[in-house]
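# Notes for the structure review
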Amino acid sequence: MNIVEKFKHWKRKQRWNRQYKKGRWENLKSDKESGRYKTIVEYSERYGNKNPDILDLGSGEGVLLDYFNSDLISSFDGMDFSSVSIKKANKANRAKGTFTCEDLHDFKPKTNYDIIVLNEAFYYIHETKKQEVIDTLKAHLKTNGIIIVSIYREGLGCWEYFKNHDFEELDFTTVTTHEEKTYWKIGAYKLT
Ligand SMILES: C[S@@+](CC[C@H](N)C(=O)[O-])C[C@H]1O[C@@H](n2cnc3c(N)ncnc32)[C@H](O)[C@@H]1O
């Protein structure tokens, strides 16, 4: 990224912080959104290792962790570049949850994971960084580890990073709502 793009990226981060402060993302906890979180949990249980260590990238306040049965997971690490969302996530003090403020663009996980989740986060990664981020994630998957990706609507310019010879698609679905334009596509992938 050049200096202008870096500045725009910094501005975006400030915007996320302002929005989290104002409660703009409280809607993620609503019933309308629940289908996509439940599908991620279903895929985790169906295709992931038992008692998984989970990494949630762009976790925000950590809503996804509320959908897991904490007795059935070993750990849940969330990260997000919005310090406000991470403060909220840690304040909720959920069992097995650890949340840290990091930027996906230069994030290097400190350990390996059974399940890595990109839940409404992949499209925020700068185009020049997307493949680098995926390569980092691939290097931090445990044996039989999986990546689960959820993308709002069509996800143009995103799915080709997963639908290729590097990955085997284990499952793929569209989660709909009563609103025609509100839907998510969700895929589960393992390394080939
Ligand atoms: C639509 S929210 C989704 C939050 C959460 N995954 C969920 O579904 O409940 C997108 C999140 O991505 C985060 N994000 C955007 N760009 C990021 C980056 N470069 N590094 C880390 N987090 C980022 C935002 O701060 C925000 O919390």
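Above this text sits the structure in question.
Below is a short write-up of the structure.

Rules and cut-offs
- Residue positions are counted from 1 within each chain, in the order its sequence is given.
- For this predicted model, a pLDDT threshold of at least 70 governs which residues receive local features, and a threshold of 80 or more governs which side-chain atom pairs are given and counted, while totals over whole chains, interfaces and linings are taken from all residues.
- The basis for every side-chain value is the complete set of heavy atoms in the structure, and neither hydrogens nor water enter the calculation.
- Every helix listed is a DSSP run of H or I at least four residues long, and every strand listed is a run of E at least two residues long, numbered separately from the N terminus.
- Atoms considered for the radius of gyration are the C-alpha atoms alone. The globule rule reads 2.2 Å times the number of residues to the power 0.38.
- Each residue is placed in one exposure class: buried if its accessible area under a 1.4 Å probe, protein chains only, is under 20% of its type's maximum, exposed if it is over 50%, and partly exposed if it falls in between.
- Residue contacts follow a heavy-atom distance rule, with two residues in contact if any of their heavy atoms lie within 4.5 Å.
- We get accessible surface area from the Shrake-Rupley algorithm with a probe of 1.4 Å; when it comes to residues, only the shown protein chains can shield them.
- Only four residue types enter the charge count: Lys and Arg as positive, Asp and Glu as negative, with His and the chain ends excluded.
- A single reference atom marks each charge: NZ on Lys, CZ on Arg, CG on Asp, CD on Glu.
- When DSSP finds at least two bridges between two strands, those strands are taken to pair.

This paragraph deals with the overall build of the chain. A tally of helices and strands in the chain yields four helices and seven strands. Secondary structure elements of the chain occur, N-terminal to C-terminal, as α-α-β-β-α-β-β-α-β-β-β. In terms of overall dimensions, the chain is globule-like: its C-alpha atoms have a radius of gyration of 16 Å, near the 16 Å expected for 192 residues. In terms of overall dimensions, the chain has C-alpha extents of about 40 × 40 × 35 Å along its principal axes. Put simply, the chain has 192 residues, and 48% of those count as buried. Of all intrachain contacts in the chain linking residues separated by at least 6 positions in sequence, the fraction that spans at least 24 positions is 66%. Summed over all atoms, the accessible surface of the chain reaches about 10000 Å², with 49% contributed by carbon and sulfur. Placing the 32 positive and 29 negative side-chain charges of the chain at their respective mean positions leaves the two points 7 Å apart.

Below, the discussion takes up the pairing of strand β7 (residues 183-191). Counting buried residues along β7, seven of its nine residues qualify, which places the element largely inside the surrounding structure. Taken together, the seven bridges between strand β5 (residues 141-152) and β7 define a ladder with antiparallel strand orientation. For isoleucine 151, the partnering residue across the bridge sits in β7 and is lysine 185. Bridge count between strand β6 (residues 167-176) and β7: nine bridges; the pairing is antiparallel. Along β7, the bridge assignment pairs glutamate 168 with lysine 190. Hairpin remark: β6 followed by β7, antiparallel, with six residues in the connecting loop.

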